[in-house]
Amino acid sequence: MGACRLTLLGGFALESGDGKALALPTRKDRLLLAYLALSAGKPQTRDRLAGLLWGDRAETQARDSLKQALAGIRQAFRQAGLDPVHADRDSVTLLPDGIAVDAVDFARLAAEAGACVRSAAL
């Protein structure tokens, strides 16, 4: 199984464990991945996700766009040997195993006593 690094602070980047850039084709794909990554492995309803990113579209079109974005995210992670997207009919979860997220690391370090120097380095 591979590993990935997701950078959200200071600009978006998704890289495999060996530093290879993993492309996500659209801005909304990147926004969806960021939202799921910051949800700390908690399931998000498809209705909520579709409404957040495609609220200006009809429900069917919004859900289809969500499906397409999830396919793009899965494809990017497969290049790194990961399959962290768990989806069922009603919800989507990004499983955090094998994915380092700088914003999550920053929040964890900021909560630790005496970790200011390490969190600032991120």
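Only a predicted model underlies this, so the values are computations on that prediction, with no experimental measurement involved.

Novice: Residue-level account of the side chain of Ser91, with values.
Specialist: With respect to the element layout, Ser91 can be found in strand β5 (residues 91-94). Those residues in contact with Ser91, other than ones at most four positions away along the chain, are Pro43, Gln44, Thr45, Arg46 and His86.

Novice: For the nonpolar core, give the residues involved together with the corresponding values.
Specialist: Most often, soluble globular proteins keep nonpolar side chains buried together rather than apart. Judged by nonpolar contacts, the single largest core of 28 residues is most densely connected at Leu14, Leu32, Leu33, Phe77 and Leu94. Among the secondary structure elements, those contributing two or more residues to this core are β1 (4-7), α1 (27-38), α2 (46-54), α3 (59-78), β5 and β6 (99-101). In terms of residues, this core owes the most to one element, α3, which gives seven residues. In this structure, Leu32 is in contact with Leu49, Leu53, Leu66, Ala69, Leu70 and Ile73, ignoring residues within four places of it in sequence.

Novice: Give me the sheet that holds β6: which residues, what numbers.
Specialist: Backbone-to-backbone hydrogen bonds pair the strands of a sheet. The strands run either parallel or antiparallel. The strand order β2-β1-β6 describes an open sheet built from three strands, whose pairing is mixed. Both outer strands of the open sheet, β2 (13-16) and β6, are each paired with one neighbouring strand and no more. Neighbour to neighbour, the strand axes of the sheet diverge by 15° on average, direction disregarded. In this fold helix α4 (residues 102-111) packs onto β1 and β6, with an angle of close to 65° to the strand it touches most, β6.

Calculation rules
- Residues numbered from 1 in each chain as written.
- Predicted model: local features only at pLDDT ≥ 70, side-chain atom pairs only at ≥ 80, totals over all residues.
- Heavy atoms only, no water.
- Helix = DSSP H or I, 4+ residues; strand = E, 2+ residues; numbered from the N terminus.
- Contact = heavy atoms within 4.5 Å.
- Core = buried A, V, L, I, M, F, W, Y, C linked by side-chain atoms within 4.5 Å.
- Buried < 20%, exposed > 50% of the residue type's maximum accessible area, 1.4 Å probe, protein only.
- Pairing = 2+ DSSP bridges.
- Axes fitted to C-alpha atoms, helices over the stretch in contact; angles between N-to-C directions.

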